[in-house]
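Structural overview for review
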Amino acid sequence: MTVKIRFFARFRELLGTDIITDVAAGTNFTSLIVTMAKKNPEGYAAIFDEKGAFREYVILMKNGKRIDIADAATTPVADNDEIAVFPPVAGG
Amino acid sequence: MMFSESERERYRRQMMLFGDEGQERLKKAHIFIAGAGGLGSPVSIYLAVAGIGTITIVDMDVVDQTNLNRQILHCDRDIGRKKTTSAKEKLQAINPDITVNAIDVKIDETNADDLVGEAHGIVDAMDNYPTRYLLNNAAIAKGIPLFHGGIRGFYGQATTIVPGTTPCLKCIFPKSPPKEVFPVVGVTAGFIGMVQANEVIKFLLGIGELLTGRLLIWDGMQAHAEEICVERNPACSACGSMVKKTTAGKKR
């Protein structure tokens, strides 16, 4: 099955965006993002902490609906899902 | 409310859009702008020229040369001066018919509500989330909108928060990102600041569709804007206890 991953802002600079990828059935949200983020160590470090957990301020969405970071590892992705990952933009 | 001949001339081209009544609404309005920096500069300049009757702008900093690529309220000769002094001088020069209160203070939990006072709306032109959360709390406590904006590099975001109706800032961004010296180009501040100022004007006039329940995300590198729908968090620590309003108060 195929999913689309959209990174925003700083994450986009480091990892690109609108990445369409094939995933195995049963893949969960966290493992998908880990796989994508590992393509750039700096991108990975922007999203995950030293223990491999999502940084607390990262916002995750699946088809326009918020996914809580705590639920990401148990949330499966489905065919044609659109996944968005973004940081709060803080400057002013 | 009467307009002077000078005011009628000044606002002639926009009174073609919303008439005496609309201009009067702007003149009677009081908007609180938190920050006289990258976002606060374009927001305050455009609200001043539009004729917002009272603008309160708050900042605790002194103009630094590194501010000048984006903080267009301040000039080279202002380096070392208080941003509030510089802001008041420029805004009054741009439009002497409005009242500008410039307050040189750090916004904290003890003074946020008092600073906002009787303002009809709060513009978030801050550079950090802890202070944004204080503005969010003040907006919720007073039941007035918070016009949020954030920028970094060529990226920006904006949304309009109407307490009790839309998600609040904490619903959308529950945790603040770490503080950093963020890279930024002035045009990003200008772009997002214009979205915020446009929202303020529409809100005060009670026209158009506000950027509510939607987070606008701007990617200047791609020249692409998109929206993400955002929802209230019933368990939100800031607004979770507020009863949902059935009608959005479009007109104040």
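All figures in this text were calculated on a predicted structure; none of them were measured in a lab. (Residues numbered from 1 in each chain as written. Chains lettered and ligands numbered in written order. Predicted model: local features only at pLDDT ≥ 70, side-chain atom pairs only at ≥ 80, totals over all residues. Heavy atoms only, no water.)

1. Considerations on the interface of chain B and chain A
Under the convention used in this document: The contact rule is simple, with two residues in contact once any of their heavy atoms fall within 4.5 Å. Accessible area, probed at 1.4 Å, shrinks when two parts are joined; the buried area is that loss added up over both. We define a salt bridge as a side-chain nitrogen of Lys or Arg found within 4 Å of a carboxyl oxygen belonging to Asp or Glu. Polar contact criterion, stated in full: a pair of N or O atoms within 3.5 Å, where within protein one must be able to donate a hydrogen and the other to accept it, and residues adjacent in sequence count only if both atoms are side-chain atoms. Numbered from the N terminus, helices here are DSSP runs of H or I no shorter than four residues, and strands are runs of E no shorter than two. Classification convention: Asp, Glu, Lys, Arg as charged; Ala, Val, Leu, Ile, Met, Phe, Trp, Tyr, Cys, Pro as nonpolar; all other residues, Gly among them, as polar.
Taken residue by residue, the interface counts 31 residues in chain B and 20 residues in chain A. Taking both partners together, chain B and chain A bury about 2000 Å²; carbon and sulfur atoms supply 58% of that area. It is R152(B), Y155(B) and K175(B) in chain B that bury the most area against chain A; as a group they hold 27% of the surface buried on that side. The tally of links between chain B and chain A comes to five salt bridges. Linking R6(A) and E226(B) is a salt bridge whose minimum nitrogen-to-oxygen distance equals 2.4 Å. Remark: the boundary between chain B and chain A carries twelve residue pairs in polar contact (both at pLDDT 80 or more). Of all the secondary-structure elements, those providing two or more residues to the side of chain B that touches chain A are α6 (129-142), β5 (146-152), β6 (155-161), α7 (169-172), β7 (214-219) and β8 (224-229) of chain B. Here the side of chain B that touches chain A takes four residues from β5(B), the largest share from any one element. Residues of the side of chain B that touches chain A, tallied by class, amount to 17 nonpolar, seven polar and seven charged.

2. Observations regarding the sheet that holds strand β2 (residues 54-59) of chain B
Residue and element names in this part refer to chain B. Keep this limit in mind: Two strands qualify as a pair provided DSSP detects at least 2 bridges between them. The convention used is that axes are lines fitted to C-alpha atoms, helices contributing only their stretch in contact, and that angles between N-to-C directions extend from 0 to 180 degrees.
Strand order in the open sheet made by the eight strands is β3-β2-β1-β4-β5-β6-β7-β8, with mixed pairing throughout. Edge positions in the sheet fall to β3 (99-104) and β8, since each of these pairs with one other strand and no more. Sheet twist, expressed as the average angle between the axes of neighbouring strands with direction ignored, equals 15°. Here strand β1 (residues 30-34) runs beside β2; their pairing, made up of five bridges, is parallel. In the sheet register, H30 faces β2, and the bridge partner there is T54. In the packing of helix α4 (residues 83-94) onto the sheet, the strands contacted are β2 and β3, and the crossing angle to β3 comes to about 170°.

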